[in-house]
Amino acid sequence: MPTITINGKKIEAPENVTILEVARENGIFIPTLCHNDCLAPYGGCRLCVVEITLGGKPTVETSCTYPVEEGLVVKTDTERIKRARRVIIGLLLDRSPKPVVIQDLALEYGITERPTRFAIENEHCIRCGLCVRACREIVQARAISFAGMGFERKVTTPFNESSSDCIGCGTCELICPTRVIDMRDLPDAQEHTPGDHESIGPVRSLDNWNTEFKVKVCKECGNPFYPAQPLEKFRQAQNLQPEFFDTCPSCRVTPRVDEELCVGCMGCAVNCPIGAIMMKEKEEEQRANIYREICTGCHYCVDKCVVGAIKLEEQNHV
Amino acid sequence: MKIKDVKEIEVMAKEGVRNLKPAQIRITVGSAVCGQSKGAKETLEALKAEIAKVNLNADVVAVGCNGLCFAEPVVEVIAPGMPKITYGPVTSDKVPELVKAVKAGNLLKGMALCKTTRDQFLNGTAIEYGRTADLIDASEFPPLKGQVRIVMRNAGLIDPLSIEEYAATGGFAALAKALMEKNPAKVIKEVEASGLRGRGGAGFPTGLKWKTAKESAAPKKYVVVNCSEGDPEVGMHRSLIESDPLSVIEGMLICGFAIGASQGYIYISDKLAAAEDKLNVLISKLSEAGLLGERIMGTDFSFTVTVKRSTGSYVSGEETALLNALEGDITEPRPRPPFPAKKGLLGMPTVVNNVETLMNIPAIVLKGGSWYAGYGVEGSCGTKVLAVTGDCERTMTVEVPLGTKIKDVIAMAGGVKGKKALKGFQIGGPGGGILSAKKINLPLDYQKLWKEKTMLASGLVLMDEDTDMVNMARFFIRFFEEESCGKCVPCREGSHRVGEVLDQIMKGTGTKGDLDYLLSLEEPINDTSACALGKTLLAPVSSTIKNFPEDYAKKIGG
């Protein structure tokens, strides 16, 4: 077990973890934008930089990617680090002044004024890549990716066309920190043809990816609940009975996390086929949280929970 | 022939020597892409036609680039009894005159540049040519005087597609030596003793990189050649790999043997199509000759080489971005650590070396690390190839021992074009900033250049007194803006904003505060960027503000 020092405090860290993980485990806050515990470290936003010393001169590294090693001395809040973070937040603010996460960071780092010399932009996407990585690593659909280089970089489907790989699971919308992904469930969509239009029933639309999905209607309550196509995939992958997805999660027993038993191991979160489980802080501890907005109620997490903290229960209608 | 034993390389070498100094006349034309752009193809065709017309018994061979770019197309003539004569520029209309002189056994004075009386190769073989000709010797010829050719040992001398000619100059002797001794640790020791540093700019000790990869117990390892050259206005690696691709392949094989890899990739820029074709031809030739594939030279060592075309961006020359691109992913850098030598291509230990670095390897293994370390200065051993370009009298590629002063390299290139004064120069690529002319006494030395906040990259670009340095800074920032991959915030957003500020300064609406703003960005962007592209983003701006404040003052006014 390597011993490292963070802000003067000696800590015995487990093997194969990053500085960020150790810091958070020990109640030391480091800001991040592109990090999510369920995804592999990326190092895109650079907000989590810390000063490290290992023998020689102090260098600046991203704590979310840097593995701990014996004798590492970490400082998370020096003037140099604050200056660096202020520059990053400033640059983000110049392009995306509206998102709440950016405004909060600006407030925290005391940025009240920006140079007026730049063209005013008002974009919401901050190119953190969380949606791209969730789609790839959790959902494994790889429907979206980055296109373009430098300032022109943006998240899109191949050739900006409607993607046949998108399954409409909505994980990208759930994980987006700036709420830029526009996912809508329309109770009754119309298909427009020249001179005519036709009702095609409930539809989930993801305008950012130019995709639209017909949504399955619950046999029990008649509510639309999830795009039909991926449900069949999940059913086969998990060997569920043919009629399993005929009813919506609210009309059958669905998984619920018992927060008393949950140990925050993330086993369920990383294994959920669509990333409907994310971790949330509860009394300074990590607890799994099932987002019912996109949960299909497929039970997969129940098997994956090593401590039996996820139970099937009757739910109230959403 | 198929090589079934390490000793057979010598037989092949003898065959090659007969090519290099045949009984009849040998005429070589520098036909790398640089030569072709000046009409080397036409010269070659004209030579063949003219020789047939006058019934001259001569071989006409297309060779690579010998570095004398200003004299392209370069033609060399080896005739019995005469020294090797270098002519240039020989455009196709001058061919009849040249052939006439060659047939008569004369020297064509007007076009002749220099003579060579002896070529000494790595393996000890020497070729003596005739001695008498009323012409300056190559060793005294100003563009060549002071050069030491280790990396460029074969450039412009051999047919790049001929394995025999490569063997004649000592090619594959190093690999044969390594395979015969069966001691990978010794190879790495020699490379460490040579003090060779990666020639890409970062200057990481090559031996240490190899050692790290060798020490890993992973089931598979890889060797990757970084030939994704992207510095604007510089084509040094293109010239090297086009002129002597076999040295690169031999370097790879030796590296593979040393670290225990059996698969190599050459990641080549999309701008180097000619070199890519040559490599593919050679790979099949080498496989037939028993020098690639299973059981190389009849030993237990197997190695295959695959050529992969790059995605073409500047950042694809960054080693982890390169690995991403090789795997078919987005060309953006990976977090480091883990370094590629521990966890690289497909998660396996991977040595990524650039073209120039690997071309040094056969010479080091054959002649020993201490021989190589004899060139250069402490901490910067061996030689360095530089493309000298920009506002210089003679655009050329030179190879000089490290420690050589920059002003001496400038002298080789004939100084500044049109007898103008030198204002500044660039030696570290776009990220190395622009140094003032006062710094020409600096030696080519990694540590000393790092101290000046620049590095040792592939080109020396001269800028004369008329250069507007604000415009220059804008040019390089635009380059960064276009080539940034966009993964990390400081580089993606920073390059764009810095460009905007420079635009305003160029337009005359800039303020003194703008310069302070730009300078205040330097440390944070350097600290936080993921790779060297972002880390050196501000260098063209901060170096010009510091070295040429008068240029900014003119734009900003009082």
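Residues numbered from 1 in each chain as written. Chains lettered and ligands numbered in written order. Predicted model: local features only at pLDDT ≥ 70, side-chain atom pairs only at ≥ 80, totals over all residues.

**Focus: the overall build of chain A**
To keep it simple, the criterion reads: A run of H or I in DSSP counts as a helix once it spans at least four residues, and a run of E counts as a strand once it spans at least two, with each numbered from the N terminus. Note on contacts: residues are paired as contacts if their backbone-placed C-beta atoms lie within 7 Å.
Each helix and strand in chain A was counted, giving eight helices and 15 strands. With respect to the three principal axes, the spread of C-alpha positions in chain A is 70 × 55 × 30 Å. A separation threshold of at least 6 residues defines the contact pool for chain A, and within that pool the share at least 24 residues apart is 58%.

**Digging into the interface of chain A and chain B**
As a reminder, the rule being used: In this classification, the charged set is Asp, Glu, Lys and Arg, the nonpolar set is Ala, Val, Leu, Ile, Met, Phe, Trp, Tyr, Cys and Pro, and all remaining amino acids, among them Gly, are polar.
Between chain A and chain B, the residue contacts involve 30 residues of the former and 29 residues of the latter. When contributions to the side of chain A that touches chain B are tallied by element, the ones reaching two or more residues are strand S4 (59–62), helix H2 (79–95) and strand S6 (145–147) of chain A. Among the elements that take part in the side of chain A that touches chain B, H2(A) stands out by supplying nine residues, more than any other. Residues that form the side of chain A that touches chain B fall into these classes: 15 nonpolar, seven polar and eight charged.

**Remarks on helix H17 (residues 469–483) of chain B**
Going by this rule: An expected span of 1.5 Å times one less than the residue number is assigned to each helix. Backbone-placed C-beta atoms define the burial measure: a residue is buried with 20 or more other C-beta atoms within 10 Å of its own, exposed with 12 or fewer, and partly exposed in between.
Under the 1.5 Å per step criterion, the end-to-end length of H17(B) is 21 Å for 15 residues, consistent within 8% with the ideal 21 Å. Along H17(B), the residues classified as buried are Met469(B), Val470(B), Met472(B), Ala473(B), Arg474(B), Phe476(B), Ile477(B), Phe480(B), Glu481(B) and Glu483(B).

**Some points on the packing of helix H9 (residues 236–243) of chain B against helix H11 (residues 273–288) of chain B**
Residues and elements named next belong to chain B. Quick reminder of the rule: Axis lines are fitted to C-alpha atoms, over the contacting stretch for helices. Their N-to-C directions set the angle, which ranges from 0 to 180 degrees. For classification purposes, angles smaller than 35 degrees are called roughly parallel, those larger than 145 roughly antiparallel, those between 65 and 115 roughly perpendicular, and all remaining angles oblique. Throughout, a crossing is termed right-handed when the near helix is turned clockwise from the far one, and left-handed when it is turned anticlockwise from it by less than a right angle.
Between H9 and H11, the least distance of the axes is 9 Å, while the angle of their chain directions is 25 degrees. Taken together, H9 and H11 sit at an angle that is classed as roughly parallel. Crossing angle aside, the handedness with which H9 passes H11 is left-handed. For the pair H9 and H11, the contacting residues are Arg 238, Ile 241 and Glu 242 in the first and Ala 274, Ala 275 and Lys 278 in the second. Along the lines of polarity and charge, the residues of the contact of H9 with H11 split into three nonpolar, no polar and three charged.

**Regarding the domain arrangement of chain B**
Residues and elements named next belong to chain B. Spelled out, the test is: Bear in mind that the domain bounds are from an automatic or database domain assignment.
As far as domains go, chain B holds domain 1 (8–163), domain 2 (198–358), domain 3 (377–464) and domain 4 (469–556). Once you take the C-alpha centre of each, domain 2 and domain 4 turn out to be 33 Å apart. Tallied by class, residues from the side of domain 2 that touches domain 4 come to six nonpolar, two polar and two charged.

**Some points on unusual backbone geometry**
Pro73(B) follows Glu72(B) through a cis peptide bond whose omega is -10 degrees. Mapping Pro73(B) onto the fold places it in the loop between strand S2 (58–63) and strand S3 (75–78). Of note, the bond from Gly88(B) into Pro89(B) is cis; its omega dihedral lies within 30 degrees of zero at -15 degrees. For Pro89(B), the position within the fold is in the loop between strand S4 (84–87) and helix H4 (95–103). Although it is not a glycine, Asn16(A) adopts a positive phi angle of roughly 55 degrees. Locating Asn16(A) in the fold gives a position in the loop between strand S2 (9–12) and helix H1 (19–25). Judged by the 9 C-beta atoms lying within 10 Å of it, Asn16(A) is exposed. A positive phi is found at Asn160(A), a non-glycine position, where the angle reads about 60 degrees. Along the chain, Asn160(A) turns up in the loop between strand S7 (154–156) and helix H5 (171–175).

**Thoughts on the environment of Ile410(B)**
All names here are of chain B. Inspection of the secondary structure assignment puts Ile 410 in helix H15 (residues 406–412). The exposure class assigned to Ile 410 is buried, which follows from the 20 C-beta atoms found within 10 Å. Separated by 267 residues in the primary sequence, Ile 410 and Pro 143 have C-alpha atoms spaced 9.7 Å apart.

**Things to note about the sheet that holds strand S8 (residues 222–227) of chain B**
Residue and element names in this part refer to chain B. Stated precisely, the cut-off is as follows: Strand pairing is assigned whenever DSSP detects at least two bridges linking the two strands.
Ordered in space as S10-S9-S8-S11, the four strands form an open sheet in which the pairing is parallel. At either end of the open sheet lies a strand with only one pairing partner, and these are strand S10 (304–309) and strand S11 (350–354). Between one strand and the next, the sheet's axes are offset by a mean angle of 20 degrees, whatever the strand orientation. The sheet strands contacting helix H10 (residues 245–259) are S8, strand S9 (263–268), S10 and S11, and the helix crosses S8 at an angle near 150 degrees.

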